[in-house]
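Architecture and fold: a report
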Amino acid sequence: MTNTLMIKPEEVKRLREQTGAGIMDCKRALEESGGDMEKAVLWLREKGLSTAAKKAGRAAREGIVTSYIHHGSRLGVLVELNCETDFVARTEDFQQLARDIAMQIAGMAPLYVSRDDVPAEEVEEQKRLFTIDAERDGRPADRIPMIVEGRLNKWFESPGAVLLDQPYRDTDQTIADLITEKVALLGENIRVARFARMAVGDSAPASADDGEAA
């Protein structure tokens, strides 16, 4: 382990700005990672996953409803983000997370919060289509199930599909990863309860609810 005195304050600050994690967590991550910034980010992410898993079953009945109106007022989003306490709901970190998710919904137009929300018949139809494509491409029969599974995972991540699986902006994080980091930072279970996306000219708003995060 790197000596604590060798970790410079500016390195801690840089890691905190990059991940949003607490000062002590950033310092510990750098110590555990020998001062390697990329390894420290991974350490924090793994810590977040562990923390989120422990908190996933806890009730999240507080939170906020936030909105995003795109430039020109032709597209708008409402999203309900839940946490465990009103105290956390009032923090800037939580409210910024809600705004980030609302902007994600505006830009990527997901129909579902999580994979569990996708109707089974829709998943089966996608599998059927991917199987036909793989067979048409002449793929070996024993490899087709793996190919179909990979394409299905890509479909979950695509615009118009599953919010939690979608990549967040131009990063290697998903929305689920983003939420997990905030769970570790804020110490409470967080979930996207529901959202609605409305655009001028749409016949009906795209909406989804009851998605569990982390």
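Residues numbered from 1 in each chain as written. Predicted model: local features only at pLDDT ≥ 70, side-chain atom pairs only at ≥ 80, totals over all residues. Heavy atoms only, no water.

Describing the sheet that holds strand S4 (residues 206-209)
On the basis of which strands lie adjacent, the open sheet formed by four strands has the order S1-S2-S3-S4 and antiparallel pairing. With partners counted over all chains shown, the strands left at the sheet margins are strand S1 (62-69) and S4, one partner each. The average angle at which neighbouring strand axes cross in this sheet is 10 degrees, direction not considered. Two elements, S1 and strand S2 (residues 75-83), share eight bridges in a ladder whose sense is antiparallel. Of the residues in S2, the one forming a bridge with tyrosine 68 is valine 77. Across the face of the sheet, helix H5 (residues 92-108) comes into contact with S1, S2 and strand S3 (191-199) while running at roughly 140 degrees to S2. (Pairing = 2+ DSSP bridges. Helix = DSSP H or I, 4+ residues; strand = E, 2+ residues; numbered from the N terminus. Axes fitted to C-alpha atoms, helices over the stretch in contact; angles between N-to-C directions. Contact = heavy atoms within 4.5 Å.)

A short note on the nonpolar core
Counting residues in hydrophobic clusters, the biggest one holds 27 residues, and the most contacted among them are Leu81, Phe94, Ile101, Ile175, Ile179, Ile190 and Val192. If you list the elements that add at least two residues to this core, you get S2, helix H4 (86-89), H5, helix H8 (175-186) and S3. The element that contributes the greatest number of residues to this core is H5, accounting for seven residues. Counting residues in hydrophobic clusters, the runner-up holds 13 residues, among them Tyr112, Val118, Phe130 and Ala161. (Core = buried A, V, L, I, M, F, W, Y, C linked by side-chain atoms within 4.5 Å. Buried < 20%, exposed > 50% of the residue type's maximum accessible area, 1.4 Å probe, protein only.)

Some points on the environment of glutamate 80
Among the secondary structure elements, glutamate 80 is positioned in strand S2. Sequence spacing of glutamate 80 and glutamate 62 is 18 residues, and the spatial spacing of their C-alpha atoms is 9.9 Å. Ignoring any residue separated from it by four or fewer positions in sequence, one finds glutamate 80 in contact with Ile64, Val65, Arg191, Val192, Ala193 and Arg194. A polar side-chain atom of glutamate 80 sits 3.0 Å from a polar atom in the side chain of asparagine 82. (Polar contact = N/O pair within 3.5 Å; in protein donor to acceptor, adjacent residues only side chain to side chain.)

Geometric values such as these leave the question of function open.
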